[in-house]
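So the chains spell out like this:
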Amino acid sequence: MNLTCIECKNQVDLSSYSDLAMDSVVECQTCGITLLVTSIDDNTVSVEIMDEGK
Ligand SMILES: [Zn+2]
């Protein structure tokens, strides 16, 4: 599955999230933002910003 960070536009590595589903929380390794999964359509994961981070 592919996820592009909506904050920094970099690819997020989802390999550590084996059971990714709606409402899963993932963290962008590049900018550290926390993202909430809103939908998964085939190999495309949609997210919204959950936490602006520090
Ligand atoms: Zn990011």
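See the structure shown above.
Let me sum up the structure you'll find in this document. Computed from a predicted model, the values in this text were never measured in an experiment.

**Topic: the pairing of strand S2 (residues 34-41)**
- Strand direction decides the pairing type here: strand S1 (residues 25-27) and S2, joined by three bridges, are antiparallel. For Val-25, the partnering residue across the bridge sits in S2 and is Leu-36.
- Counting the residues that bridge the hairpin from S1 to S2 gives six residues, and of these Gly-32 lies at a positive phi of roughly 80°.
- Here S2 folds back onto strand S3 (residues 44-51), and the loop between the two strands holds two residues, one of which, Asp-42, carries a positive phi near 55°.

**Here's the deal with the sheet that holds S3**
- Spatially, S1-S2-S3 is the arrangement adopted by the three strands of the open sheet, whose pairing is antiparallel. The sheet is open, and its two borders are formed by S1 and S3, each paired with just one other strand. Strand-to-strand, the axes of this sheet are offset by a mean angle of 45°, without reference to chain direction.
- Judged from the seven bridges that link them, S2 and S3 form a sheet pairing that is antiparallel. Looking at S3, one finds that Leu-35 is bridged to Ile-49.

**Structural notes on the nonpolar core**
- If you look at the biggest cluster of nonpolar residues, it comprises nine residues: Leu-3, Cys-5, Val-12, Val-26, Cys-28, Leu-35, Val-37, Val-45 and Val-47.
- Residue assignment for this core shows that the elements contributing at least two residues are S2 and S3.
- Setting aside its immediate chain neighbours within four residues, Cys-28 contacts Cys-5, Glu-7, Cys-8, Asn-10, Val-12, Ile-33 and Leu-35.

**Looking at the environment of Gln-11**
- Looking at the element boundaries, Gln-11 is found in the segment before S1.
- Given 13 C-beta atoms within a 10 Å radius, Gln-11 is considered partly exposed.
- Considered as a pair, Gln-11 and Gln-29 are 18 residues apart in the sequence and their alpha carbons are 8.8 Å apart.

The rules behind each value
Residues numbered from 1 in each chain as written. Predicted model: local features only at pLDDT ≥ 70, side-chain atom pairs only at ≥ 80, totals over all residues. Pairing = 2+ DSSP bridges. Helix = DSSP H or I, 4+ residues; strand = E, 2+ residues; numbered from the N terminus. Axes fitted to C-alpha atoms, helices over the stretch in contact; angles between N-to-C directions. Core = buried A, V, L, I, M, F, W, Y, C linked by C-beta atoms within 7 Å. Buried ≥ 20, exposed ≤ 12 C-beta atoms within 10 Å, placed from the backbone. Contact = placed C-beta atoms within 7 Å.

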